[in-house]
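Here is how the chains run, residue by residue.
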Amino acid sequence: MTVTEPRPTNDAPRPRFVRADGPDKVTGTGRYTADLTLTGVLAAKFRYADHTHARITRLDVSAARSMPGVLAVLTADDVPDVRYGPFVQDRTLFARDVVRFEGEIVAAVAATTAEIAQRAVDAIVVEYEPLPVVTDLEAALAADSPLVHEGWESYGSADPIVRDRNDASFSSITKGDPDAAMAAADLVVTSRYVADASHAAPIEPRAVLAQWEGDKVTIWTSTQVPYDARAGVCETLELPANRVRIIVPHLGGGFGGKCGFHYEAHVAALARAARRPVRLVFSRREEFLAPDRRREGMVIDITTGLRRDGTIVARTGWIAIDNGAYTADSGFFPQLAAMHVAGPYRIPNVRVEAHLVYTNHQPSGSVRAPTAPQACWALESHTDELARAVGMDPVAIRKLNAVDTGAEGPSGQTYDEIGLQQCIDAATAAAGYGGELPDDEAIGVAIGWWPSFSAPSGAYVRIDGDGSGQIITGAQECGTGAVMTLRQLAADELGMQPEDFQLIYQDTSVAPYDMGATGSQTLFNNGRAVVAAAGQVAEQLKQLAAEQLEASPADIVLADGQAHVAGTPSRSVPITELAGIAAGGELLIGHGSGQPPGAPPLVGSSCVGDVGMAAFIAPQFSCHAVRVKLDRDTGVARVLEVSTAHDSGTILNPVGAHGQVEGGVLMGIGQALTEGTRYDDDGRQRNAAMLEYKLQTCADAPTIRTTFIEIPTPDAGPRGAKGLAEAPNVATAAAISNAIAAIVGRPVRQLPMTAERVWETIADAAEAAAQDGVAS
Amino acid sequence: MLIASTLDDALAAVAAGARPIAGGSDLVVGARHGKAPLPASLVAIDRIAELQTVTETADGGLVLGAGVSHHVIETHPVITGHFSGLADASALVGSPSTRHVGTIGGNVMNGSPAMDTGAPLVVLGATVELRSTTGTRTVSIGDLWTGPGRTAAAPDELCVAVHLPAPPPRSGSAYVRLEYRRAMEIAVVGAAAAVTLDADGDVASISVALSAVAPTILAVSGLTGLAGRSVADVAAAAAEAAAEQARPISDLRASDRYRRHTVGVMARRAVEAAARRAAGETIAVPVNRALGIGAVAATPGAPS
Ligand SMILES: Cc1cc2nc3c(=O)[nH]c(=O)nc-3n(C[C@H](O)[C@H](O)[C@H](O)COP(=O)(O)OP(=O)(O)OC[C@H]3O[C@@H](n4cnc5c(N)ncnc54)[C@H](O)[C@@H]3O)c2cc1C
């Protein structure tokens, strides 16, 4: 579906947009999971592993069980013996025999107060036999490495997943003959980049509250994916879906950190055992250590063969991704990372191989554009190295090689109309690229891409007798405003106002399925469902109006709260009146889902471990141009200005869209410069606190300019929209890297590019320059 | 917890074993992070009016009540004008809310080696007034800290005021710190300088103190011989002395090697900014922001 009506340009005032959940959140009346309570509620606490890799030789909970005020203590023996996991079924609710990372749950306690629960947790006796700790990605892939999972071969896994020992998921993309092309290239450039792990760090640490009524359980939880949470509870506690109800109160952010199934089953099991409601509220420290959701560390090798004129003829890559101790939704990371190391370039000969490596670190999982910021950082820093090697301008080499409408990408996908080249032009123009700058400043440029995720999704729309509407949707709002925008879609379809609709959402027993606030998919898929549902109601209204106005339904137009005959606005009837009539007869109820867009074909490439990520549905493109000022004496880099351009198709909600880009950029600056998890030799996090895990603050925010290249895209979301929420997080760190490298003379090869690492790179560059001086 | 409304009530409470709590931004936050449990007996001193005054003395000195907040310090015209190094430090503390609750007394008595007001107070020659039910004594600021988180004050002594002597004519002070972000930050390293210029614009006297490179705030020694030299010479010599005398540790924030290097850079910049202020130039508080040290704003003439 495409539209031709004019849309506001980026400089035009943004249309007013009032979020339905805005007043609640701004005034503090909104309720989050940790705010909820129930009569008789108990507090839950977990006993975590004392080692990062060890065999449990003794586990004795008797002292904890007999403490006054303790109503339930659970271990692996008290729940069904189920191994679960979306790609590899390698984990259990509670540790069985072996613990594999510091945040692994050995036991859970429910008690009348949090203090008693903590004392009971401390009274649990666990003895261990330490096992060798695996933390180094390359060593873990060696044939003689200790195994993180001795029994890996016995685990079930999804069909396309290719596994071997500590390699939990292997994927490769091959096209053409990269070896021959590399041998024939004029120049070959090889780089290694290493990215540290990082965190989503949502403002709300997670909370779960569970209550049983008979054989049914209601679970209030701070999840981004209520239906996944439900599926996890059903699978691990062996319950049918209709006996588990997941409700998400307001969600205090997620950034992917609250995707996946986490602690809903633990708390439900505690509540069942204690016969009382049970609530779990995480501390900030637990939020850092326990969830299987950190952004994965990566080691990336890239080799590119070029012609002297800068044309890329071949690329090979090798990627190791830190999976951590268990496989969360990371099974698709290798293929996605491989796509990002191949990059949005026209390369005829490609071979990229990617391994998802088990270690004794916290498990990795989808954090906003998983693998992409790190892989883009590596690839785009490498691309500036290519430009230096052939003596070309970094923007020119990108323009020359980047994909465009009708071009073939690295995995053999040919693109319909896309706006990457326009993004490069718009972002660099907005940044004033090429102008004079002080010698401690530079503008770095990077391009990025990201798929849209196609998934089934459902919604109902109804209009009650008084003419007020309800949208009952499976979609989950994690702060992006995507669900809030659904009101606009329904209103447009029905000729009503967004404010005429209430949103009923985040309740699995009320609304049909949706994948959740994940993969930037909410408007893309649920928008389709809401438009379809509203369309059914529109048909009903047109039918009713046709009867009232003695016209054909095909001639009825819904606009401004009225149904009128096309071409004769005066022949009209208010929609509220039609609603009143319907209330006495066939009710106004629409349901929608629609067919999810299918994957585009790939030609000439082959993929091992293919999970469907080599073909990008409705691909999004971006270019970020970042002006950085570097304090050469200390290595402190400051981002002064970020100019972005994004092709995310049609922009449905400009206010929300700009907000997503600005937030993504700020998150990218943090990943680039100050965030990053530090581990000790045993794989324990050393900076699991807000003081030492340095997120960017408002005071750090630079000027951010955004241009949307709006190309209504067929086979995409409503009105030709693509996804948006993750794409702005992809290219910022890479652009910052290129600005720093332009000032220093060489890239910083480790992410985050902390002040100290920049300073060391400056020192290395100075030393190399001095040696060059000696040599010449 | 007792909420004291007069100093006498507070003194009686600490004499009876209560721990004073002013803004609580060290004590409570530390307890939540498991540093040390909250003491069983607490006396809140944040509502005692006499601890919250800023008084100019007849000779141009200043008496800061212990309960004066960082926000008051960073905005008080006398402090930003004549004791600028202290205002530079207070203006960098935490966030606006931290600066509203956090006090100078709490900063000083908490005794963290990374505290921001410590180094400027040392170069400004501050003394601390300690009082108990049995009497009052005055301690030079350098003698107050005996180790990380430890002071020479007895448990029954309250810090009631910080005294600052009148700065000499043609003098200026500044505090700069290395920071990785612009709010909610703790000094990686920091340096304060107080400079007095002679009639030729050369340095008549200089003192430099450092934060976060030793168990307590470190006064740089051996600078007296620099009198009569140019600002540039003195800045370079002070930087070298700072880097040499620093005894930094390696931790999550930085390695010892990096700290030793950057504390020299900070010392040089502090001396240069203090000298410019001594020469009559107005550099807005905090110097970090005005001169783009670890900050966005780039002002022409910023020390490199
Ligand atoms: C988010 C955040 C950011 C921060 N950033 C910085 C920063 O950038 N720079 C910095 O230096 N500090 C920083 N701090 C630490 C803290 O805010 C400051 O040290 C502040 O000045 C402490 O003052 P307070 O009144 O809150 O102290 P409190 O916490 O009330 O007290 C601190 C200690 O001093 C004792 N005490 C307090 N007043 C007296 C008194 N009058 N007599 C005797 N003993 C007393 C208390 O018993 C306690 O031991 C930060 C803290 C937070 C939470």
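Values in this document were obtained by computation on a predicted structure and should not be read as measured data.

The interface is formed by 27 residues belonging to chain B together with 25 residues belonging to chain A. Buried area between chain B and chain A, both sides added, is near 2300 Å², and the carbon and sulfur share of it is 55%. Its salt-bridge partner being K694(A), residue E185(B) comes within 2.7 Å of it at the nearest N-O pair. Across the chain B-chain A interface, the total number found is 13 residue pairs in polar contact (both at pLDDT 80 or more). Class assignment of the residues belonging to the side of chain B that touches chain A gives a composition of 13 nonpolar, 5 polar and 9 charged.

Those residues carrying the UniProt feature "domain: Aldehyde oxidase/xanthine dehydrogenase a/b hammerhead" (unreviewed entry) are residues 27-132 of chain A in this numbering. Across residues 27-132 of chain A one finds 14% helix and 32% strand; the C-alpha atoms that close the span lie 52 Å apart.

In this section: the pattern of salt bridges. Residues and elements named next belong to chain A. Under the counting rule described, the total for this entry stands at 51 salt bridges over all chains. Between D425 and K399 there is a salt bridge whose closest N-O contact spans 2.7 Å. Taken as a pair, D425 in helix α12 (residues 420-431) and K399 in helix α11 (residues 394-401) lie far apart in primary sequence, 26 residues in all. D425 sits in the partly exposed class, given a relative accessible area of 38%. Assessed through its relative accessible area of 28%, K399 is described here as partly exposed. We note a salt bridge from R638 to D700, for which the minimum N-O separation is 3.4 Å. You can see R638 sitting in strand β27 (residues 636-647) and its partner D700 sitting in the loop between α16 (654-673) and β28 (703-708), a full 62 residues away along the chain.

Residue and element names in this part refer to chain B. Among the 32 residues in the neighbourhood of the ligand, the closest are listed as P20, S25, D26, T103 and D116. Between the ligand and the protein, one listed contact pairs an oxygen atom with a side-chain N or O atom of R19 at 2.7 Å. The contact in question runs from an oxygen atom of the ligand to an N or O atom on the side chain of T103, over 2.6 Å. Surface burial for the ligand is 91%, taken as the share of its 980 Å² of free accessible area covered by protein chains. At the level of elements, β2 (19-21), α2 (27-32), α6 (96-101), α7 (104-110) and β10 (158-164) are the ones that each hand at least two residues to the shell around the ligand. A per-element tally of the shell around the ligand places α7 first, with 4 residues.

Our focus in this paragraph is the sheet that holds strand β13 (residues 203-211) of chain B. Residues and elements named next belong to chain B. Strand order in this open sheet of 4 strands is β11-β12-β13-β14, and the pairing throughout is antiparallel. Edge strands, defined here as strands with exactly one partner in the open sheet, are β11 (171-178) and β14 (218-219). Strands in contact with helix α10 (residues 231-245) are β12 (189-197), β13 and β14; relative to β13, the strand with the most contacts, it is inclined by about 30°.

What follows covers the nonpolar core. Nonpolar side chains in soluble globular proteins tend to be buried together. Counting residues in each nonpolar core, the largest one holds 111 residues, and the members touching the most others are I319(A), I736(A), I740(A) and M753(A). Excluding residues within four positions of it along the chain, I736(A) makes contact with V626(A), V628(A), V639(A), I669(A), A672(A), L673(A) and M753(A). By size, the runner-up hydrophobic cluster in this structure holds 45 residues, among which are V195(B), I206(B), A241(B) and A254(B).

All names here are of chain A. In terms of burial, strand β15 (residues 312-324) is a largely internal element, 12 of the 13 residues being buried. Alignment of strand β14 (residues 298-306) against β15, held across 9 bridges, turns out to be antiparallel. Each bridged residue has a counterpart across the sheet, and for M298 the counterpart in β15 is I321. Hairpin remark: β14 followed by β15, antiparallel, with 5 residues in the connecting loop; positive phi at G310, about 95°. Summarising the sheet, β15 and strand β16 (residues 349-358) pair through 10 bridges and their orientation is parallel.

Bringing the packing of helix α14 (residues 522-549) of chain A against helix α15 (residues 575-583) of chain A into the picture now. Residue and element names in this part refer to chain A. At their nearest, the axes of α14 and α15 sit 10 Å apart, and the two run at 95° to each other. Comparing their axes, α15 and α14 come out roughly perpendicular. Two secondary-structure elements touch here, α14 through L541, L544, A545 and Q548 and α15 through I575, L578, I581 and A582. The class makeup of the residues in the contact of α14 with α15 is 7 nonpolar, 1 polar and no charged.

To continue, consider the domain arrangement of chain A. Residue and element names in this part refer to chain A. What the domain assignment reports for chain A is domain 1 (33-131 + 206-281), domain 2 (294-454 + 601-768) and domain 3 (459-592). Of note, the centres of domain 1 and domain 2, computed from C-alpha atoms alone, are 36 Å apart. At the interface, 18 residues of domain 1 touch 23 residues of domain 2. In total, about 1600 Å² of surface goes out of reach between domain 1 and domain 2, with carbon and sulfur atoms giving 56% of it. The tally of links between domain 1 and domain 2 comes to 0 salt bridges. Seen at the junction of domain 1 and domain 2, the total is 11 residue pairs in polar contact (both at pLDDT 80 or more). For the side of domain 1 that touches domain 2, the class distribution of residues is 6 nonpolar, 6 polar and 6 charged.

So, on to unusual backbone geometry. A cis amide bond links L751(A) to the next residue, P752(A), at an omega of 0°. Tracing the chain through its elements places P752(A) in the loop between β29 (750-751) and α18 (755-775). A cis amide bond, omega -5°, links V285(B) with the succeeding residue P286(B). At D560(A), a residue that is not glycine, the phi angle is positive and equals roughly 55°.

Our next topic: the side chain of Q540(A). All names here are of chain A. Here Q540 lies in helix α14. The class for Q540 is buried, based on a relative accessible area of 15%. Dropping the residues within four chain positions of it, Q540 is found in contact with E586, L587, L588 and I589.

Glancing now at the side chain of R638(A). Residue R638(A) is classed as buried on the basis of its relative accessible area, which comes to 7%. A distance of 3.4 Å separates the side chain of R638(A) from the side chain of D700(A), its partner in a polar contact.

Attention now goes to the environment of L251(A). All names here are of chain A. Positionally, L251 belongs in the loop between β12 (244-247) and α7 (264-274). The buried category is assigned to L251, whose relative accessible area is 3%. Taking the C-alpha atoms as reference points, L251 and R746, 495 residues apart in sequence, are found 42 Å from one another. With residues up to four places along the chain from it excluded, the contact list for L251 reads K25, Y32, E204, S222, T223, Q224, K258, Q476, E477 and C478.

This paragraph deals with the sheet that holds strand β20 (residues 501-505) of chain A. Residue and element names in this part refer to chain A. If you trace the 4 strands from one edge of the open sheet to the other, you get β20-β19-β18-β24, paired in mixed fashion. Sheet topology places β20 and β24 (588-592) at the edges, where each strand pairs with a single neighbour. The sheet shows a mean angle of 15° between the axes of neighbouring strands, direction not considered. The sheet contact formed by strand β19 (residues 469-473) and β20 spans 5 bridges and is parallel. By the bridge assignment for β20, G469 is matched with F501. With respect to the sheet, helix α13 (residues 482-494) is in contact with β18 (459-463), β19 and β20, its orientation differing from that of β20 by roughly 135°.

Once that is clear, we can look at the packing of aromatic side chains. Residue and element names in this part refer to chain A. The full count for this structure, using the stated rule, is 16 aromatic pairs over all chains. Cluster of aromatic residues (ring-pair linked, three or more members): F46, Y48, Y263 and F282. Over the ring of Y193 we find R749; its NZ or CZ atom is 5.1 Å from the centre of that ring.

Once that is clear, we can look at the state of the cysteines. Going through the model one piece at a time under the given rule, you end up with 0 disulfides over all chains. The thiol sulfur of C234(A) is not disulfide-bonded, and the nearest other cysteine sulfur, from C259(A), lies at 19 Å.

Turning next to the UniProt feature "domain: FAD-binding PCMH-type" (unreviewed entry) in chain B. UniProt feature "domain: FAD-binding PCMH-type" (unreviewed entry): in the numbering of this structure it lies at residues 1-169 of chain B. The distance from the first to the last C-alpha atom of residues 1-169 of chain B is 46 Å, and the span holds 35% helix and 23% strand.

What counts and how
Residues numbered from 1 in each chain as written. Chains lettered and ligands numbered in written order. Predicted model: local features only at pLDDT ≥ 70, side-chain atom pairs only at ≥ 80, totals over all residues. Heavy atoms only, no water. Contact = heavy atoms within 4.5 Å. Buried area = accessible area lost by both parts, 1.4 Å probe. Salt bridge = Lys/Arg side-chain N within 4 Å of Asp/Glu carboxyl O. Polar contact = N/O pair within 3.5 Å; in protein donor to acceptor, adjacent residues only side chain to side chain. Nonpolar A, V, L, I, M, F, W, Y, C, P; charged D, E, K, R; others polar. UniProt positions renumbered as here; feature names shortened; annotations may be inferred. Helix = DSSP H or I, 4+ residues; strand = E, 2+ residues; numbered from the N terminus. Buried < 20%, exposed > 50% of the residue type's maximum accessible area, 1.4 Å probe, protein only. Near = heavy atom within 4 Å. Areas by Shrake-Rupley, 256 points an atom, 1.4 Å probe, with all protein chains shown as cover. Pairing = 2+ DSSP bridges. Axes fitted to C-alpha atoms, helices over the stretch in contact; angles between N-to-C directions. Core = buried A, V, L, I, M, F, W, Y, C linked by side-chain atoms within 4.5 Å. Parallel < 35°, antiparallel > 145°, perpendicular 65-115°, else oblique. Domains from an automatic or database assignment. Phe/Tyr/Trp six-rings, centres within 6.5 Å; stacked < 30°, edge-to-face > 60°. Lys NZ or Arg CZ within 6 Å of the ring centre and 35° of its normal. Disulfide = S-S within 2.5 Å.

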